[in-house]
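# Structural features, examined
Chain residues, written in single-letter form:
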Number of protein chains: 4
Amino acid sequence: MQRDQLIQCGPAASLAHDYATVRVTSARLAASLTPEDMCVQSMPDASPAKWHLAHTTWFFEAVVLLPHLPGYRAFDERYFYLFNSYYEALGARHPRPERGLLTRPTLLQVLAYRAHVDAAMTRLLQDDLAPALAALIVLGLNHEQQHQELLLTDIKHLFSRSVLLPAYAAHLPAPEQSPAALEWVDFPGGSTEIGHRGTDFAFDNETPRHPVLLAPYQLASRPVSCGEFLEFMADGGYRRPEFWLSDGWAAVSTQAWQAPFYWRLADDGCWRVFTLHGEIELDAAAPVCHLSFYEAAAYAEWANARLPTEFEWEAAAATLAPQGRFADSAWLHPAAAPGGGLQQMYGDVWEWTRSSYDPYPGFRPLAGAVGEYNGKFMVGQIVLRGGSIATPPGHIRATYRNFFPPAARWQFSGLRLARDA
Amino acid sequence: MQRDQLIQCGPAASLAHDYATVRVTSARLAASLTPEDMCVQSMPDASPAKWHLAHTTWFFEAVVLLPHLPGYRAFDERYFYLFNSYYEALGARHPRPERGLLTRPTLLQVLAYRAHVDAAMTRLLQDDLAPALAALIVLGLNHEQQHQELLLTDIKHLFSRSVLLPAYAAHLPAPEQSPAALEWVDFPGGSTEIGHRGTDFAFDNETPRHPVLLAPYQLASRPVSCGEFLEFMADGGYRRPEFWLSDGWAAVSTQAWQAPFYWRLADDGCWRVFTLHGEIELDAAAPVCHLSFYEAAAYAEWANARLPTEFEWEAAAATLAPQGRFADSAWLHPAAAPGGGLQQMYGDVWEWTRSSYDPYPGFRPLAGAVGEYNGKFMVGQIVLRGGSIATPPGHIRATYRNFFPPAARWQFSGLRLARDA
Amino acid sequence: MQRDQLIQCGPAASLAHDYATVRVTSARLAASLTPEDMCVQSMPDASPAKWHLAHTTWFFEAVVLLPHLPGYRAFDERYFYLFNSYYEALGARHPRPERGLLTRPTLLQVLAYRAHVDAAMTRLLQDDLAPALAALIVLGLNHEQQHQELLLTDIKHLFSRSVLLPAYAAHLPAPEQSPAALEWVDFPGGSTEIGHRGTDFAFDNETPRHPVLLAPYQLASRPVSCGEFLEFMADGGYRRPEFWLSDGWAAVSTQAWQAPFYWRLADDGCWRVFTLHGEIELDAAAPVCHLSFYEAAAYAEWANARLPTEFEWEAAAATLAPQGRFADSAWLHPAAAPGGGLQQMYGDVWEWTRSSYDPYPGFRPLAGAVGEYNGKFMVGQIVLRGGSIATPPGHIRATYRNFFPPAARWQFSGLRLARDA
Amino acid sequence: MQRDQLIQCGPAASLAHDYATVRVTSARLAASLTPEDMCVQSMPDASPAKWHLAHTTWFFEAVVLLPHLPGYRAFDERYFYLFNSYYEALGARHPRPERGLLTRPTLLQVLAYRAHVDAAMTRLLQDDLAPALAALIVLGLNHEQQHQELLLTDIKHLFSRSVLLPAYAAHLPAPEQSPAALEWVDFPGGSTEIGHRGTDFAFDNETPRHPVLLAPYQLASRPVSCGEFLEFMADGGYRRPEFWLSDGWAAVSTQAWQAPFYWRLADDGCWRVFTLHGEIELDAAAPVCHLSFYEAAAYAEWANARLPTEFEWEAAAATLAPQGRFADSAWLHPAAAPGGGLQQMYGDVWEWTRSSYDPYPGFRPLAGAVGEYNGKFMVGQIVLRGGSIATPPGHIRATYRNFFPPAARWQFSGLRLARDA
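Residues numbered from 1 in each chain as written. Chains lettered and ligands numbered in written order. Predicted model: local features only at pLDDT ≥ 70, side-chain atom pairs only at ≥ 80, totals over all residues. Heavy atoms only, no water.

## Focus on the pairing of strand β8 (residues 350–356) of chain B
Residue and element names in this part refer to chain B. With seven of seven residues buried, β8 lies mostly within the body of the structure. Burial of β8 is two-sided: the residues Trp350, Trp352, Arg354 and Ser356 facing one way and the residues Glu351, Thr353 and Ser355 facing the other way are all buried. Pairing between β8 and strand β9 (residues 382–385): three bridges, direction antiparallel. Bridge pairing in β9 links tryptophan 352 to leucine 384. (Buried < 20%, exposed > 50% of the residue type's maximum accessible area, 1.4 Å probe, protein only. Helix = DSSP H or I, 4+ residues; strand = E, 2+ residues; numbered from the N terminus. Pairing = 2+ DSSP bridges.)

See the structure below:
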């Protein structure tokens, strides 16, 4: 799928095609799961796969069909309550930590709900739509793509809690990886335009475009690898408070962190890593991931470097095409890339930045209920950039701002070093 | 099923028959549930239905087959860890609050596990067994019957958390109920033998039989009804601390109890009750249930009465056959019984007593791992007597001691009043 | 102070003398403390010494003076709220976990409050009082004695939390202790009268006197010593679940218990014990104390014995005078006693029994607000018997029932073994 | 005290004078408190006044005297542990939530500790000091000034928890307040230098000075008043999620916020406010304070405005002398100021900005243990600017960055509106 196809608010035929593509992809991602796998919630931050399938459907029903398709009849009005995530403007909703209690509706009922909404959407998409309505649908597709990534990270978390260590995807042999040496790439800084420009789709949090002053800086040519992170660990990284932010050190102490999430020291003294392909041996060449912001910042401190700001990251990425390894890969785990220059800015691992998730100057949320999409989360979170191996292809761009709380570890989150020039 | 058939350690043929009966009953109880219903854990106290099916199977594997059937091969050794409940002597085990994360093994795998163990048990049961081994099997059957009751109460709890209010059993019309007036039945007290006697099966906590001195007392002819409990509520029962034990009043305050568990005040001002048949209108004639010990004790205080001790209850029940409405009923909810004299001592609702769950004088747990079955829980719990609508027929007797913490409400627990003569 | 002087509801002169004696004792117990020591609350279960001084005064004001002394004017009506402990009938009250926030009223104000109430009580005690009123005052004095013990155990807890390990009392040399060997003393059992008889003071929970049937049994001649408890520890006592009740093992695991409370393994490999005289070397001869019920029960299991029931304990103690080492001792820590036969039933350490704190048959609480004194706590607690080194002399008797939750460790609680004859 | 006197690293005589002035001020702030008031900790975020007095002394001992005064002997080496706040490089320390358990050392001992350290510091300050050492002492004085403000806010919190509502300072009549109307003041934006410049003292977090691009903006001429905040409340401010950040709405819901902290709706329907002078009637003219960031942001949203960024604030403040109402005022509560133009940028209330507390480009912490002073807190916090009525005079400046978590309410924190020009 080409990103261009998705984000253009073009003629109805193209939008209908995009709609079908995204919707089918969600179903395909869940195809290897049992009804039980899709029902259970393994922690409050995660959601069941069935819930993801239903909630993304609810979005189209609540935001597009009910207000905009005359004569549309809801599949089941109780679903308004069950599958709203956090939209206060759209009514009360099922408590987030109890999403796993929803054994009913069953998977079959949720699939029927999808079919019901898809039929109505197809009807709607037959005609040329007003631009504002088309934009809502494109938003709904990007929303669903975000939930596709969450579906993968959430099912990974669930499976990791089992002594059976089930695999989401076939247990392929891990790819041979021969990483390039880490180099420093120079950037001149200066006055730089940041944020989305143009008519392609972007989330509201990427706007408005505005100038920012940057001092000269350097970025590492690739993300930090597992082998490099092992050196940090061997040097007492998790035992030496001098590398850590205060909140990070508290997390290390109270949660007894000793390694990245999903790493396990086996009886043979070797590290093993739980992946979507089951548990594998640690490959030192692969980009390290499943780090909290705290761990990323501590590593950078240990390495006499720092994390880039989101502006430094974006200025560097702006000239690159958003190409890389995404969720359409056969091997659903980060892997090293050969080659020189600035590598892997897109895909493989999200990169924690040293930027809190604050609004851009002049930021205004979208009008209506979808105004709750991004703006109300702009406190207490950290910006990540670049997409990961679990991100749908075509979904990412240089201006894309992902965000998570600094202690979150279950996303494919790694880091790239920066330093002052 | 006749209780006599079950508990006799008779010839192998009879035991094999009992085994088949109990095992089939468990499967039948789960037959109306989806794989998702059977996988989810709705609170730490409850367990998924799939787990019940697997754990009761594990009991036969761990306690009977592995030590006693030469050549027996475990179905999957990892299940030893997954499906042990609390037997320290039998190794580490999966944490109780995470039983709902076990999407794997799937339901089909658990059913295969049951078939595997059943085949081995059938082989074992072909021959005459040493009495000690037969006793272990009978224990395993009684154990499975207890989990049958828990399967019902746990699925009821799960369904109650859904706005869809699913029904476990077909939505029958509720029976017409015309309860008898409450009468007081006299008992003379004196020196009374308490505890199990004879060779029929009983749990170790019912032994040894020993004499107890009782003052003369009276028991109510039937359990307290919902209508009577409504009077308590109307008189400020949940707002007046003078009726409550201190811990009970703390529970009322911190958990905002205002009615028995599963009751809901509908918009029309009428109480509705969630049952295994879905939500129904409150029937004032039915025995009240889903009370904590605290609520039962507060009601008794309000009624100028008290709860009976477990000895008073047993002395009264000793002469009655253990007949009543059990889990083979069509209507799986307590219902009023007509007639005079001492009614409904067995079935319908468990009756909270005013007895802490302490060991009888001279109590000794069973030898081996099964010694953990009862004895180690003898602190902080309250004795209930008589069985409920969810108890398997044939499972109950006058000396049977059930026990739960005083705040537990999700069992079919009601009360019968007592007073000094 | 002779116990007889205290408990008789005799002529006013004697009661006035008792009143003065008890009230002065409270003040004397606090004399060595600073205002800061007396203000702070070290855990929710404990109360500040200043609060104890004020609350015992409030009891006389609220229960005796306001209803019974015409023209009495309260010292400060806001104290009704501040210093009520748990009497629902006497109005709202300051939250228990926040007693340590009461920097105001200051210590001086609380002492003035005591003087104000003492003056009014002295006026009241000049005349002959109605028996019911005299009984309330005697109850108030026994209440204050209970808080004298708590003042000692609570200040001990506070001081134990400091790296400075302050001593409450002068750092005397520990007494030489040469304990007698443990012997078993036989008791015939049979029908035994239990509970208080006569006109002397007793709490309502000691009534009514009633017969109980006991099987023949044996009691150890003295409490378990620290040296014996060290053997249990050396044998893996805190690491072997087979000795523990289920709730006890959970406490061991989650709270990482490895020794009795207040024990500390010093760098030299020797155990040291925090006492009211500061930290001292462990004396193996002294009775072990600061055990939870769980630890006491686990020790007994390990020792192939059991805890006595409260009835067995009382039947054995009934013929002994309540003499022993109490809070008027110079050495405020349990110590071994030489000699044979049944020793140290009173004083030194409270003895956990194997009896839940249930009401006696026919139990009725006192009328009025003081009915909340005991009855409403009759669930979830375990009976202890015999008094401790922190119990005021004259306060204890054979029928006295103390009670604490099974996990409590900050009282002077030890154990005496029992076994079937 | 003139700010200029304090911050210059001038000749020893001047520094000695500054030292004496700051140290005496701390003692004077505590003079009206009892030993009990100074010992208790009312919540984990707050510290006892005695602890503040000891900790600020420990700073000079640990950072200045022990490394730099030959022959210095510590007052009590155990204090290193007791009074370290959060400096990992300086060893283990007493747990923060247990600062209130330190009844020992007593207040007298802490005052002796202060005298001991002051004597040694006086000796040290007799000679000319190396600039780096003088800078550490100036840092220690600024550190102590910050704790002076905390001493006030912490004692206010403690007193607010008492039904007696004690007053820290004499109960003066509240000043007459006639506020100016709110006006909008224009600022041109453009490239602006942000951060500290020159040789005067500043914290490391104010550096390095660097240029920032600002769009044209407006600031309100004065902080938001209580009367204006009442309008927000009357318009459903605390009940309408559309004004709130997601985390803020969660705080409103779970903590039941209905008004600013320390406000109480009296029985007469009027709001009353707890202040350092006791409880007073709400003055609608006074600046609103004790708001969380969430409340400040919600108010701004309701008012169709926003919070300024810390850069906008600093650019506006840079030309103003840091004058206003500080902790040397007689009336220790925010009050309205008459007059036009940009008012009350300094003093009265800290102003929440819309800036997360991130490091400035090129930020480097101080070398050594004092490097932990600011840098390690740069995540999860929000910047406040301008000082408050509790800030020591001479302590604030345009570049000063204060920071607290977004839910904190016990500081004197208010807001000033901003909007795009």
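What follows picks up the thread again.
## Quick look at the relation of the copies chain C and chain D
Least-squares fitting of chain C to chain D yields an RMSD of 0.0 Å, with the superposition described by an axial translation of 0.0 Å and a rotation of 180°. The two molecules are tied by a two-fold rotation axis, judged by turn and shift. Nearest to the rotation axis, the C-alpha of glutamate 36 of chain C is located 2.5 Å from it, this being the minimum over chain C. (Least-squares fit on C-alpha atoms with pLDDT ≥ 70 in both.)

## As for the sheet that holds strand β8 (residues 350–356) of chain D
Spatial ordering of the open sheet is given by β10-β9-β8-β11 (chain D), a layout of four strands whose pairing is mixed. Where the open sheet ends on each side, the last strands, each with one partner, are β10 (402–404) and β11 (413–414) of chain D.

## Considering the interface of chain C and chain D
If you look at the interface, chain C gives 28 residues, while chain D gives 28 residues. Summing the contributions of chain C and of chain D, the shared interface buries around 2,500 Å²; its carbon and sulfur component is 63%. For chain C, the biggest contributors to the area lost against chain D are Glu36, Arg104 and Leu164 of chain C; these three give 30% of the whole. Put simply, chain C and chain D have six salt bridges between them. Across the salt bridge formed by arginine 161 of chain D and glutamate 98 of chain C, the nearest N and O atoms sit 2.6 Å from each other. At the junction of chain C with chain D, the criterion picks out ten residue pairs in polar contact (both at pLDDT 80 or more). Put simply, the parts of the chain that give the side of chain C that touches chain D at least two residues each are α4 (78–83) and α6 (131–160) of chain C. At three residues, α4 of chain C tops the list of elements feeding residues into the side of chain C that touches chain D. Tallied by class, residues from the side of chain C that touches chain D come to 13 nonpolar, eight polar and seven charged. (Contact = heavy atoms within 4.5 Å. Buried area = accessible area lost by both parts, 1.4 Å probe. Salt bridge = Lys/Arg side-chain N within 4 Å of Asp/Glu carboxyl O. Polar contact = N/O pair within 3.5 Å; in protein donor to acceptor, adjacent residues only side chain to side chain. Nonpolar A, V, L, I, M, F, W, Y, C, P; charged D, E, K, R; others polar.)

## Some points on the sheet that holds strand β4 (residues 217–220) of chain C
All names here are of chain C. Taken in spatial order, the three strands line up as β1-β4-β12 in an open sheet, and their pairing is antiparallel. Since the sheet does not close on itself, it has two edges, and those belong to β1 (184–187) and β12 (418–420), each with one partner. Recorded for the sheet is a direction-independent mean angle of 25° between the axes of neighbouring strands. Where β1 and β4 come together, four bridges link them in antiparallel fashion. (Axes fitted to C-alpha atoms, helices over the stretch in contact; angles between N-to-C directions.)

## A look at the arrangement of the chains
At the C-alpha level, the nearest point of chain A lies 14 Å from chain C, with no contact between them. Taking C-alpha atoms only, the smallest gap left between chain B and chain D, which are not in contact, amounts to 14 Å.

## Let's talk about helix α7 (residues 226–234) of chain A
All names here are of chain A. Inspection of α7 places Cys226, Gly227, Glu228, Phe229, Phe232 and Met233 among the buried residues, and these make up the whole buried set. On the buried face of α7, the contacting elements are β5 (263–265), β6 (271–275) and α9 (293–302). Remark: glycine 236 follows α7 within two positions and exhibits a positive phi of approximately 85°.

## Description of the interface of chain B and chain A
In this assembly, 28 residues from chain B lie in contact with 29 residues from chain A. Note on chain B versus chain A: buried area summed over both sides is about 2,500 Å², and carbon and sulfur give 63% of it. Counting the surface chain B buries against chain A, the share from its top three residues, Glu36, Arg104 and Leu164 of chain B, is 30%. Our enumeration of links across chain B and chain A arrives at six salt bridges. Put simply, arginine 104 of chain A and aspartate 37 of chain B hold a salt bridge, and the shortest N to O gap is 2.5 Å. Class assignment of the residues belonging to the side of chain B that touches chain A gives a composition of 13 nonpolar, eight polar and seven charged.

## A look at the packing of helix α7 (residues 226–234) of chain B against helix α9 (residues 293–302) of chain B
Residues and elements named next belong to chain B. Between α7 and α9, the shortest axis-to-axis distance is 11 Å and the interhelical angle comes to 75°. Between α7 and α9, the angle falls in the class roughly perpendicular. Facing α7, whose interface residues are Glu228, Phe229, Glu231 and Phe232, α9 presents Glu295, Ala298, Tyr299 and Trp302. Class assignment for the residues of the contact of α7 with α9 results in five nonpolar, no polar and three charged. (Parallel < 35°, antiparallel > 145°, perpendicular 65-115°, else oblique.)

## A word on the environment of serine 355 of chain A
Mapped onto the elements of the fold, serine 355 of chain A is located in strand β8 (residues 350–356). Note: C-alpha distance between serine 355 of chain A and valine 383 of chain A (28 residues apart in sequence) is 5.8 Å. Each residue touching serine 355 of chain A, except ones within four places of it in the same chain, is listed here: Thr309, Glu310, Ile382 and Val383 of chain A together with Asp358 of chain D.

## Quick look at the nonpolar core
If you look at the biggest cluster of nonpolar residues, it comprises 258 residues, and the most contacted ones within it are Met121, Tyr168 and Phe232 of chain A together with Met121, Tyr168 and Phe232 of chain B. In contact with tyrosine 168 of chain B, other than residues within four places in its own chain, are Leu29, Ser32, Leu33, Leu152, Ile155, Phe159, Leu276 and Leu332 of chain B. Judged by nonpolar contacts, the second largest core, of 257 residues, contains Tyr79, Ala134 and Leu282 of chain C together with Ala62 of chain D. (Core = buried A, V, L, I, M, F, W, Y, C linked by side-chain atoms within 4.5 Å.)

## Comments concerning the relation of the copies chain B and chain A
Rotating chain B by 180° and translating it 0.0 Å along the rotation axis places it on chain A, where the RMSD comes to 0.0 Å. Interface overlap between copies is the fraction of interface residues in one copy that are interface residues in the other; for chain B against chain A it reaches 100%, indicating a shared surface.

## Some details on the state of the cysteines
The full count for this structure, using the stated rule, is zero disulfides over all chains. As a non-bridged cysteine, cysteine 39 of chain B has cysteine 39 of chain A as the owner of its nearest cysteine sulfur, 6.9 Å distant. (Disulfide = S-S within 2.5 Å.)

## Some remarks on the pattern of salt bridges
Summed over the entire model, instances satisfying the criterion amount to 99 salt bridges over all chains. Between arginine 272 of chain B and glutamate 279 of chain B there is a salt bridge, with its nearest N and O atoms 3.0 Å apart. On the accessibility criterion, arginine 272 of chain B (23% relative accessible area) is partly exposed. Each of Arg23, Arg114, Asp118 and Glu144 of chain A takes part in one network of salt bridges that share partners.

## Focus on the domain arrangement of chain A
Residues and elements named next belong to chain A. By the assigned domains, chain A splits into domain 1 (3–160) and domain 2 (184–420). Listed per partner, the contact involves 32 residues of domain 1 and 33 residues of domain 2. Interface of domain 1 and domain 2: buried area, both sides summed, is about 2,900 Å²; carbon and sulfur atoms make up 64% of it. On the surface where domain 1 and domain 2 come into contact, there are 15 residue pairs in polar contact (both at pLDDT 80 or more). Of all the secondary-structure elements, those providing two or more residues to the side of domain 1 that touches domain 2 are α1 (3–7), α3 (49–68) and α6 (131–160). For the side of domain 1 that touches domain 2, the element with the most residues is α6, which contributes 18 residues. (Domains from an automatic or database assignment.)

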